[in-house]
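In case you want the letters, here they are:
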Amino acid sequence: MSPVLASVAVPRPVRRLFTYLVTPDLVPRCRPGVRVVVPFGRRRLTGYLLELTKAPPSFHQALKPIEAVLDEAPVLDPAMLELTRWAADYYVVSRGEMIRAALPGMQAVLESRVDLTEAGRRAREEISGALINPKHSRLAKDAAAREILDRVAAHAADRGTGIRLADLRRRIGARFRAPALRRLVDEGLLVQAEIAVDSGPRPGRQEMARLAEGRAEAPRGARQKSILEALARGGARPVPELLRESGAGRATLRALAAQGRVILESVEAPRLPPSLEAPPEPLVVLHPTPAQQQAIGAIADLLASRRFATCLLHGVTGSGKTEVYLRSIDSVLASGRKALYLVPEIALTPLLARRMRARFGERLALLHSALTEGERFDAWRGIREGRIDVVLGARSAVFAPLADLGLVIVDEEHDGSYKQAESPRYHGRDLAIVRARMAGAVAVLGSATPSMESFYQATRGKYRLLTLPDRIGAAGLPRIERVDMRREFEEVGHESILSRRLRAALGERLARREQALILLNRRGFSTFALCRACGTTIGCRRCSIPMTLHLHEEILRCHYCDDRRPIPAACPTCASPALHFGGTGTERLEDRLRTEFSGARVARLDRDTARGRGVVERLLTQFERGEIDILVGTQMIAKGHDFANVTLVGVLAADASLALPDFRSAERTFQLLSQVAGRSGRGARAGEVIIQAYDADHHAIRSACDHDYAAFAAKELAYRRTLRYPPCAALSLVLVRDRRLERARDGARLVAEVLRGLGTPGLEVLGPAPAPLERLRGEYRIQVLVKTAHRKGMQESLAEMLAALDRRKARVENLVVDVDPMSTL
Ligand code: ADP
Ligand code: ZN
Ligand code: ZN
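Residues numbered from 1 in each chain as written. Chains lettered and ligands numbered in written order. Predicted model: local features only at pLDDT ≥ 70, side-chain atom pairs only at ≥ 80, totals over all residues. Heavy atoms only, no water.

## Focus on the overall build of the protein
And step 1. Across its full length, the protein holds 26 helices and 33 strands.
And step 2. Relative to the 2.2 N^0.38 estimate, which gives 28 Å for 825 residues, the radius of gyration of the protein is 31 Å and therefore close to what a compact globule would have.
And step 3. Along the longest, intermediate and shortest principal axes, the C-alpha atoms of the protein span 90 × 85 × 60 Å.
And step 4. Relative to its full complement of 825 residues, the protein shows a buried share of 52%.
And step 5. Sequence-distant contacts in the protein: of pairs separated by 6 or more residues, those separated by 24 or more amount to 75%.
And step 6. Approximately 37,500 Å² of the protein is accessible, and the part contributed by carbon and sulfur atoms is 51%.
And step 7. The centroid of the 127 positive side-chain charges in the protein is displaced by 3 Å from the centroid of its 97 negative side-chain charges. (Helix = DSSP H or I, 4+ residues; strand = E, 2+ residues; numbered from the N terminus. Rg over C-alpha atoms; globule rule 2.2 N^0.38 Å. Buried < 20%, exposed > 50% of the residue type's maximum accessible area, 1.4 Å probe, protein only. Contact = heavy atoms within 4.5 Å. Areas by Shrake-Rupley, 256 points an atom, 1.4 Å probe, with all protein chains shown as cover. Lys, Arg positive; Asp, Glu negative; His and termini not counted. Charge placed at Lys NZ, Arg CZ, Asp CG, Glu CD.)

This is the structure we're talking about:
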């Protein structure tokens, strides 16, 4: 019989597949789309089986065998194999890396174990004996190695097995030296092996209690009685719920089970995240406005055609886009197909999950990164087995294994968090469109401030443009006022955080018991520390950016690498004590508001306060219930929230983001201002917005104040066209990072040289040049930009460049390829 071979993708940055032998015992379980454990170099990895082939009879190459098959049924269906293949090609990454990103949390647990070899045993005896074999004299002096050897030997003597690497490290503690372990393995005294101990999460289970049939004797005692009564009243139910309801303890229940009156059984039950466990919002059915009706109708027509189409739903803030999405989901479900609903960050929209729960009940699942591994796995399995019809999720939910997909919604499609910041750097919105195309589904992209990419496609007729030009409420869009802080400074005579206008407006809101949001997109207390004597700014030791003062923590922090150091009493350069902590971050703003409005309830929402599961959700719910008067925060407060009682939005340092040397900084500023302004006046009362800036005349700020998306887009697109930036050209970034500047420069030079050498027509290679953030986390960053009108040639050239570097054995680990980068910083 000719051997069976398998093509396996491994989650490593090598852009080719590897062939393994399938031993006859594994043949029945090896199917495309299953996860397998394969030897890879000196390690073992979870790989993905893509294809099986029969080797020709003459085949006699020595191949390593697949060691284990982790799944009974494939975790990747043909649609997902196709999507991940497309994405790997498009983003120029390996298929294994792409698949791993598509299956978050589904990694087998490989445990590393260390065991003594016969040679190791002998070496120990010889060292401890009087006679030291000269071969081991170096080992005898190597305390770190000896300790490792002793620990492994002690464990082996005790248990007769190898010790887990994690345990070995823990036992030895700070004295553990990885190089010493490596030496011992290299010398053959120890062996280290990876063993698959767990194929990943298992389905959630729940203990259920029900009454046994045909038993009617009187119960013993009040506790037993209350359990039996509860079960008689409400039927079978989960044990914790039953105990809560009856007030009885577990022992009582166990006694009843022992008597055969109650049956306890463990059944499969999905673990649910808190937002789905919470009681759902009451179901509100809204009567669509004519504008909503038109959009709903247009989408329904496209759905009925059962062909791929993309719509851009451009609706101003508060125009009721959500209802359009929900109605469209209704219509796709009615046709027997399923829906995927992507949002940038689920934690920021807890209300949406509860509203959707009310509407779709158990047909809804959530998928996002804040789920526990078990919750995510249960949701994934429910989707996979067809029990789920609607998935609400963040970026990676684009890979949710929904069959019969009819509708894909991408809300706030302009949001940068759809782009993954580490490899594979895919864009959730763009993959959503590709997925819709492959499935013959309708993609609906929604935003009040569409990305230049989507707007451009709509103007070219590639996307169907649907608009909701007005707000739902009679009050309409809020009035936006600009405060020029240069003029304010001249008139007031000193620097102040809050302008007179904003301070007065806040006072009014507090008096009227209305709420306010204040956006300041900078965390921390001060944003830089400057020596007044020598002019030095205290920068991060590892990044080319200033350190931020965090006063509550009493520490200086770097917002890129999170390096921390104590607040210095004097300048590190000239020892002068005249340090000035300048600039305002959210922390200082919060303090200022508390002192200035002493009775007000002030809270802050940024990455520093939002640590921990459920914190954001709690804070937003409190704000929603009116338990907070003023909420200060970074861009987290600008996203999608629908608070009816907010009538004032203030923005501080609105122009700060314009200073970033990036082609998207105007677009991002416009989006942020329009979005946060859109949180004001969403209820019955009219809203007001006050924007403070030094450069208040910039077109991004002016257009946002005039609610004039069209004017902004026209100007911005003209600029992109002139400078040949996306969406008017395709762009990729190749970044070379290295601790040594020379090596980063050489690497980037080689990249540019190889790319230029390819001579791809129309491919413009710019650089190498230092990235605007030249140093991050101790690494220098030199980049090469690639621009072209013909996207296809771009990816092929990048792939060829990587292959060429590989052939030259050039180090490629520190090389980042970012196709369609969100920023070039
Ligand atoms: P957007 O996402 O466009 O900013 P939302 O979908 O959050 O807007 O809707 C804004 C508000 O209008 C919400 O409070 C929503 O309940 C309400 N709303 C939406 N459609 C209707 C409608 N047809 N009738 C009454 N209220 C509506
Ligand atoms: Zn100094
Ligand atoms: Zn840093």
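So, next bit.
## What to know about the packing of helix H22 (residues 665–677) against helix H24 (residues 709–723)
And step 1. As a packed pair, H22 and H24 sit with axes 11 Å apart at the nearest point and diverge in direction by 170°. Between H22 and H24, the angle is such that the two are roughly antiparallel. Taking contact as the criterion, the partners of Ala666, Glu667 and Phe670 in H22 are, on H24, Tyr709, Phe712, Glu716 and Arg720.
And step 2. Residue composition of the contact of H22 with H24, grouped by class: four nonpolar, no polar and three charged. (Axes fitted to C-alpha atoms, helices over the stretch in contact; angles between N-to-C directions. Parallel < 35°, antiparallel > 145°, perpendicular 65-115°, else oblique. Nonpolar A, V, L, I, M, F, W, Y, C, P; charged D, E, K, R; others polar.)

## With respect to the coordination of the zinc ion (ligand 2)
And step 1. The protein atoms that coordinate the zinc ion (ligand 2) are Cys531 (SG), Cys534 (SG), Cys571 (SG) and Cys574 (SG), at distances spanning 2.2 to 2.4 Å.
And step 2. Coordination at the zinc ion (ligand 2) is tetrahedral: its four donor atoms span angles of 106 to 112° at the metal.
And step 3. Mapping the donors of the zinc ion (ligand 2) onto the primary sequence gives the spacing C-x2-C-x36-C-x2-C. With Cys534 in the loop between strand S21 (528–531) and strand S22 (548–550) and Cys574 in the loop between strand S24 (564–565) and strand S25 (579–582), this pair connects stretches of sequence that are 40 residues apart.
And step 4. The class for Cys574 is partly exposed, based on a relative accessible area of 34%. (Donors = N, O, S within 2.8 Å, 3.2 Å for Na, K, Ca; no water. Tetrahedral: all angles 85-135°; square planar, octahedral: opposite > 155°, others 65-115°.)

## Things to note about the pattern of salt bridges
One side chain can pair with another of opposite charge once the charged atoms of both are near each other.
And step 1. Counting across every chain of the model gives 64 salt bridges.
And step 2. Between Glu147 and Arg175 there is a salt bridge, with the nearest N and O atoms lying 2.6 Å from each other. Residue Glu147 is located in helix H5 (residues 143–159), and its partner Arg175 is located in the loop between helix H6 (165–172) and helix H7 (178–186); the two are separated by 28 residues in the primary sequence.
And step 3. Residue Glu147 is classed as buried on the basis of its relative accessible area, which comes to 18%.
And step 4. In this structure Arg175 comes out as partly exposed when scored by relative accessible area, which is 48%.
And step 5. Note that Arg170 is salt-bridged to Asp167, the shortest N-O span being 2.8 Å. Placement of both Arg170 and Asp167 in helix H6 is noted, with a separation of three residues, approximately one turn of the helix.
And step 6. By relative accessible area, which is 60% here, Arg170 ends up exposed.
And step 7. Here the salt bridges do not stand alone but share partners, grouping Arg479, Glu481, Arg501, Glu508, Arg509, Arg512, Glu514, Arg685 and Glu688 into one network. (Salt bridge = Lys/Arg side-chain N within 4 Å of Asp/Glu carboxyl O.)

## Side note on the coordination of the zinc ion (ligand 3)
Each donor-metal-donor angle in an ideal tetrahedron of four donors is 109.5 degrees, and each such angle in an ideal octahedron of six donors is either 90 or 180 degrees.
And step 1. Within the protein, the zinc ion (ligand 3) binds to Cys540 (SG), Cys543 (SG), Cys558 (SG) and Cys561 (SG); these donor distances fall in the range 2.2 to 2.3 Å.
And step 2. Coordination at the zinc ion (ligand 3) comes from four donor atoms whose angles at the metal span 102 to 113°, giving a geometry best classed as tetrahedral.
And step 3. Each donor residue of the zinc ion (ligand 3) belongs to the same chain, with the gaps between them written as C-x2-C-x14-C-x2-C. One end of the pair, Cys543, is in the loop between S21 and S22; the other, Cys558, is in the loop between strand S23 (555–557) and S24, with 15 residues separating them in the sequence. Each member of the pair, Cys543 as well as Cys558, carries the same accessibility label: buried.

## Comments concerning the site of ligand 1
And step 1. Close contacts around ligand 1 come from 15 residues, with His287, Gln292, Gly318, Thr322 and Asp642 the closest.
And step 2. Between ligand 1 and the protein, one listed contact pairs an oxygen atom with a backbone N or O atom of Gly318 at 2.7 Å.
And step 3. Take Gly320: an N or O atom from its main chain is 3.1 Å from an oxygen atom of ligand 1.
And step 4. Contact with the protein chains covers 77% of the free accessible surface of ligand 1, which is 560 Å².
And step 5. Considered class by class, the residues forming the shell around ligand 1 number four nonpolar, eight polar and three charged. (Near = heavy atom within 4 Å. Polar contact = N/O pair within 3.5 Å; in protein donor to acceptor, adjacent residues only side chain to side chain.)

## Thoughts on the environment of Val444
And step 1. By secondary structure assignment, the location of Val444 is in strand S17 (residues 442–447).
And step 2. Not counting the four nearest positions on each side in its chain, Val444 is found in contact with Ile299, Cys311, Leu313, Tyr325, Leu407, Val408, Ile409 and Val410.

## What to know about the environment of Leu49
And step 1. Inspection of the secondary structure assignment puts Leu49 in strand S4 (residues 43–54).
And step 2. Exposure remark for Leu49: the relative accessible area of 0% places this residue in the buried category.
And step 3. Those residues in contact with Leu49 that sit more than four places away from it in its chain are Ala6, Ser7, Val8, Cys30, Arg31, Pro32, Gly33, Val34, Val36 and Ile66.

## Things to note about the pairing of strand S20 (residues 515–519)
Looking down a regular strand, the side chains alternate between one sheet face and the other.
And step 1. Within S20, five of the five residues are buried, which leaves the element mostly enclosed by the surrounding structure.
And step 2. Judged by which residues are buried, S20 turns out to be covered on both faces: Gln515, Leu517 and Leu519 on one side and Ala516 and Ile518 on the other are all buried.
And step 3. Two strands pair when backbone bridges link them, and S20 and strand S28 (residues 646–651) are joined in this way by five bridges, in the parallel orientation. Opposite Leu517, over in S28, you have Val649 as the bridge partner.
And step 4. Note that S20 and strand S27 (residues 630–633) share four bridges and pair parallel. Across the sheet, residue Ile518 finds its bridge partner in S27, namely Val632. (Pairing = 2+ DSSP bridges.)

## A closer look at empty space enclosed by the protein
And step 1. Evaluated as defined, the whole model comprises one cavity of 30 Å³ or more.
And step 2. Lining the largest cavity, in full, are Met485, Glu488, Phe489, His494, Glu495, Ser496 and Tyr694.
And step 3. Among the residues forming the lining of the largest cavity, the class breakdown is three nonpolar, two polar and two charged. (1 Å grid on protein atoms, 1.4 Å probe; cavity = no way out; pocket = protein on both sides within 12 Å on 5 of 7 lines; lining within 4 Å. Points joined across faces, edges and corners; volume = space filled by probe spheres on them.)

## Looking at the nonpolar core
And step 1. Ranked by internal contacts, the top residues of the largest apolar core, which has 74 residues, are Leu340, Val391, Phe399, Val751, Leu798 and Met801.
And step 2. Once you skip the residues sitting within four places of it in the chain, Phe399 turns out to touch Met80, Leu83, Thr84, Met98, Ala101, Ala102, Tyr426, Leu431 and Arg435.
And step 3. Listed in part, the 43 residues of the second largest apolar core include Leu348, Met452, Val646 and Val651. (Core = buried A, V, L, I, M, F, W, Y, C linked by side-chain atoms within 4.5 Å.)

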